[in-house]
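What follows is each chain in one-letter form.
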Amino acid sequence: MPILRTRLLRTQLWTAAGAALALALSLLAVAPASGSAVASGCRVHYTVNEWAGGFTAQVGVTHTGSALSGWRLTWTYEGDRHVTSAWNASVTQAGHSVTAVNTAWNGALADGGSVEFGLQGTWQAAGSAPTDFALNGVPCGGDGTTPPITPPPTTPPPTTPPPTTPPSAECGDAAVCEDFEDQVGPAPAGNWRVTAPDCQGTGTATVDTAVAHSGSRSLRLDGRAGYCNHAFVAATADLSSVGPVLHVRMWVRHTTALPAAHVTFVSMPDSSQSGRALRIGGQNGALQWNRESDDATLPAQSPVGVGLSRPLPTGSWQCLRFAVDTSAPGLDTWLNEERVPGLHADGVPTQDIDQQWLARTTPPRPTALRLGWESYGTGDDTLWFDDVVVGSTPVGC
């Protein structure tokens, strides 16, 4: 089953030291650091998102030259950065030296081929983003091509074929990892069940075999306007122990622009609200978080607050990621890997953004995931969901 894995980061608190890492990538509110190295044999793009004491990095490698059956990327860190986990590569560190080796499924690199992997780590002292990348021992920036290496040995049981696609690495220990390819009928089944949290109307949920982000199936919700037209599909997985930061990554597509009225398309029952929902949807044409118990919104529904959010584009697949801190009232949201400034609650009340949201100091504790449509006024919409991952580790797009 092809899908990704998620362990999203904690609230991104940029320090002056972290700002020094902002070398190549700019976002609207913050500029995560990045480093790159280019050569006739390889090109590396390294992008960091960091907060006080921790960081994640996304590493992209493009190879030029004769085809490789295995790869090993090395670099060194300044300061005291230390890798604690990784996905889509095996990453080890000795002192300042870091080595990333391909997994069983992504070792083959054709001429012009590329691969991406991610890592998470800790830091205390400042340091620049690395630039001394070398692929299979040849510096990215040197004048040689990248020589082939023998990939690391794997020893699967004799009766078990080696994996041919990366879903297991993306899923890992994720509580939810779903591409809906195992759905065999028109109605969601198995790990998903149709539900109407408050009242049921004419909204419907089906498995779509004509529209998909990956594979041949997706989850389709035909949402209808009006309070009693709630239509959701709920994952059966219990999320009450996922954390301390709960990371969610999904691909979503819809047909109608978010209306001025309040709508919801992701709903998570929250034990800190006695089962009432933590919700993401839209209002005033832009993405919005809403807390059912007190109807608080993120961002505040002022012209400035709404302007710091983003619309959800129609007619194409969009990658939506969010991180919910269950130990503090922190929350962060990304749309297509762009951090949305208005959907960021960092624990310090900010006018027009999270001052209303942070009025409640009890951290959220989501226990389940529901995908669908809930309108509190006008607004029909048709939505598709695919490649959904929920876990304690951030998973990128």
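Fair warning: this is a prediction, and the values are worked out from it, not measured in the lab.

In spatial order, the strands read E6-E7-E4-E9-E10; together these five strands make up an open sheet with antiparallel pairing. Edge positions in the sheet fall to strand E6 (90–94) and strand E10 (138–139), since each of these pairs with one other strand and no more. Where E6 meets strand E7 (residues 97–101), five bridges bridge the pair, whose relative direction is antiparallel. Following the sheet pairing, serine 90 is matched in E7 by valine 101.

Below, the discussion takes up the pattern of salt bridges. A side chain of one charge can pair with a side chain of the opposite charge when the charged atoms of the two come close. Per the stated rule, a full pass over the model turns up six salt bridges. With its nearest N and O atoms 3.8 Å apart, the salt bridge here joins arginine 220 to aspartate 208. Placement of arginine 220 in strand E14 (residues 218–223) and of aspartate 208 in strand E13 (residues 204–208) is noted, with a sequence separation of 12 residues between them. Under the relative-accessibility criterion, arginine 220 is labelled partly exposed at 26%. A salt bridge links arginine 220 to aspartate 222; its shortest N-O distance comes to 3.0 Å. What emerges from the salt-bridge pattern is a single network uniting Asp208, Arg220 and Asp222.

This part is about the environment of arginine 339. Here arginine 339 is to be found in strand E23 (residues 338–339). Taking relative accessible area as the criterion, arginine 339 reaches 4% and is therefore assigned buried. Arginine 339 sits 30 residues away from serine 309 along the chain, and the two C-alpha atoms are 9.7 Å apart. There is a polar contact of 3.2 Å between the side chain of arginine 339 and the side chain of aspartate 332.

Spatially, the seven strands line up as an open sheet ordered E12-E15-E24-E17-E18-E19-E20, and their pairing is antiparallel. Whereas interior strands pair on both sides, the edge strands pair on one side only; in this sheet they are strand E12 (192–195) and strand E20 (296–298). The mean angle between the axes of side-by-side strands here comes to 30 degrees, regardless of whether they run parallel or antiparallel. Taken together, the four bridges between E12 and strand E15 (residues 231–235) define a ladder with antiparallel strand orientation. Paired with arginine 193 across the two strands is alanine 234, which belongs to E15.

Procedures and definitions
Residues numbered from 1 in each chain as written. Predicted model: local features only at pLDDT ≥ 70, side-chain atom pairs only at ≥ 80, totals over all residues. Heavy atoms only, no water. Pairing = 2+ DSSP bridges. Helix = DSSP H or I, 4+ residues; strand = E, 2+ residues; numbered from the N terminus. Salt bridge = Lys/Arg side-chain N within 4 Å of Asp/Glu carboxyl O. Buried < 20%, exposed > 50% of the residue type's maximum accessible area, 1.4 Å probe, protein only. Polar contact = N/O pair within 3.5 Å; in protein donor to acceptor, adjacent residues only side chain to side chain. Axes fitted to C-alpha atoms, helices over the stretch in contact; angles between N-to-C directions.

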